[in-house]
Amino acid sequence: MGDFETIIYEKTDGIAYITLNRPRALNAVCIKMRDELYEVLPAVKDDPDVLVGIVKGAGDRAFSAGADISEFGTTPSQAVARSVRWERDLWGMFLSVQKPMIAAIHGFALGAGIEMAMCCDIRIASEDAQFGLPEANLGMVPTAGGSQTMPRLVLLGRVSEIVFTADRINAAEALRIGLVNQVVPRSELLPAAETMARRIISCDQTAVRYAKEAITRGLDMPLGAALEMEKRLAFALAGQRRGEK
Ligand code: COA
């Protein structure tokens, strides 16, 4: 992959690392970063050497403090139109990655930061992580998927409270409400994400991908249709296995 300005892309032992790399701006998601993420995610998707992706933030202070507010309002209508478009596209791109994605979250995870983490399958946080959707305070609604992804992880009343009040929550509370899978000391954040990645890699990768498809697609279906879809995937996997023999 080429060099990027706002992210770092590395891969080793089946794991792709995407590092949000604007630490002086708390890894705020500017349009350039959006474009670069949009470019790098297909590599995670299509590279047969990559089995699991880890998304993390550079620097000491943040996973990401959200959309780059310095890009808001310079040309109001165009900026809003652009931001709606790019956030939707990036969300779709994240969703289309069939491989498991893990967010390793430290410091601030606000707005598009927490929303990007919620596009991942598994979230591991360090004890210093702080989460929030500040949009309501800025006269906006979450548009990087947050109003839809959070209710799929957290009970609805709590989601409404987080969105309507723009309050921040800490890592312990994020764990309690199911927003993150695990909270670890800061020094153990990346090792914990890598341990999780290796546990996934030790399983059958085709089965993992079919399972991801079953989980993510099924959420948008009525139960009966979702059970049918699960059955179809199970048959397809079994058929593939027979073909392999
Ligand atoms: N977009 C652009 N720049 C951002 C940013 C964002 N979302 N969040 C932080 N930064 C920049 C600051 O402008 C500052 O840059 P500077 O050093 O050139 O002045 C730098 O990151 C450090 O942030 P600072 O505000 O000085 O740190 P803090 O510890 O006082 O506060 C936050 C940290 C996260 C509480 C605060 O930066 C903040 O509220 N950021 C905006 C969060 C937000 O509203 N995101 C958009 C959601 S839609």
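Check the entry above for the structure.
For the structure given in this document, a descriptive report is provided here. (Residues numbered from 1 in each chain as written. Predicted model: local features only at pLDDT ≥ 70, side-chain atom pairs only at ≥ 80, totals over all residues. Heavy atoms only, no water.)

Let us now look at the sheet that holds strand 8 (residues 130-132). As summarised here, the arrangement of the four strands in space is 4-6-8-9, forming an open sheet in which the pairing is mixed. One side of each edge strand has no neighbouring strand; the edge strands of this open sheet are strand 4 (62-64) and strand 9 (169-170). Sheet analysis places strand 6 (residues 108-110) next to strand 8, joined by three bridges and oriented parallel. When the sheet's bridge partners are listed, A109 is paired in strand 8 with F131. (Pairing = 2+ DSSP bridges. Helix = DSSP H or I, 4+ residues; strand = E, 2+ residues; numbered from the N terminus.)

One open sheet accounts for six strands, arranged 1-2-3-5-7-10; its pairing is mixed. Each edge of the open sheet carries a strand with a single partner, namely strand 1 (7-12) and strand 10 (182-184). When strand polarity is set aside, the average angle formed by the axes of neighbouring strands in this sheet is 20°. Pairing geometry for strand 3 (residues 52-57) and strand 5 (residues 101-105), over four bridges, is parallel. Bridged to K56 within strand 5 is A104. (Axes fitted to C-alpha atoms, helices over the stretch in contact; angles between N-to-C directions.)

A separate point is unusual backbone geometry. Positive phi outside glycine occurs at L26, with the angle close to 50°. Topologically, L26 is positioned in the loop between strand 2 (15-20) and helix 1 (31-46). Located in the positive-phi region is N27, a residue other than glycine, with phi close to 55°. Mapped onto the fold, N27 is located in the loop between strand 2 and helix 1.

With that settled, consider the side chain of K99. Among the secondary structure elements, K99 is positioned in the loop between helix 2 (76-95) and strand 5. As a buried residue without a salt bridge, K99 has its nearest oppositely charged side chain in D47, at a separation of 6.0 Å. A polar atom in the side chain of K99 sits 2.7 Å from the backbone oxygen of D47. Apart from residues no more than four positions distant in its own chain, K99 is found in contact with V44, K45, D46, D47, P48, V50, L51, D121, R209 and K212. (Buried < 20%, exposed > 50% of the residue type's maximum accessible area, 1.4 Å probe, protein only. Lys, Arg positive; Asp, Glu negative; His and termini not counted. Salt bridge = Lys/Arg side-chain N within 4 Å of Asp/Glu carboxyl O. Polar contact = N/O pair within 3.5 Å; in protein donor to acceptor, adjacent residues only side chain to side chain. Contact = heavy atoms within 4.5 Å.)

Let us look at the pattern of salt bridges. In this structure the tally under the stated criterion is 14 salt bridges. A salt bridge links R152 to D220; the nearest nitrogen and oxygen atoms lie 2.4 Å apart. Highlighted residues: R152 in the loop between helix 4 (146-149) and helix 5 (156-165) and D220 in the loop between helix 8 (205-218) and helix 9 (223-244), separated in sequence by 68 residues. Given a relative accessible area of 41%, R152 falls into the partly exposed group. Here R241 makes a salt bridge to D204, at a shortest N to O gap of 2.5 Å. On the criterion of sequence distance, the pair formed by R241 in helix 9 and D204 in the loop between helix 7 (189-201) and helix 8 is long-range, its members being 37 residues apart. What makes D204 partly exposed here is its relative accessible area of 38%.

This part is about the nonpolar core. Counting residues in hydrophobic clusters, the biggest one holds 48 residues, and the most contacted among them are Y9, F94, I105, F131, M150 and L179. Of all the elements in the fold, those that place two or more residues in this core are strand 1, strand 2, helix 1, helix 2, strand 5, helix 3 (112-118), helix 5 and helix 6 (171-176). Residue contacts for I105: discarding those within four places in its chain leaves F63, A117, R123, I124, A125, S126, A129, F131 and L189. The next biggest cluster of nonpolar side chains, apart from the first, holds 17 residues, and it includes L51, I102, A193 and I200. (Core = buried A, V, L, I, M, F, W, Y, C linked by side-chain atoms within 4.5 Å.)

With that settled, consider the pairing of strand 1. Side-chain direction in a regular strand flips from residue to residue, so the side chains alternate between the two faces of the sheet. Of the pairings in the sheet, the one linking strand 1 to strand 2 comprises six bridges and is antiparallel in character. Following the sheet pairing, T12 is matched in strand 2 by I15. The hairpin formed by strand 1 and strand 2 contains two residues between the paired strands, and D13 there has a positive phi angle of roughly 50°.

A contiguous nonpolar patch, built from I69, F72, L138 and M140 and spanning about 370 Å² of accessible area, is present on the exposed surface. Its location among the elements puts F72 in the loop between strand 4 and helix 2. Residue classification places F72 among the partly exposed residues on the basis of a relative accessible area of 33%. (Patch = residues over 30% accessible without salt bridge, like charges linked within 9 Å, V, L, I, M, F, W, Y side chains within 5 Å. Areas by Shrake-Rupley, 256 points an atom, 1.4 Å probe, with all protein chains shown as cover.)

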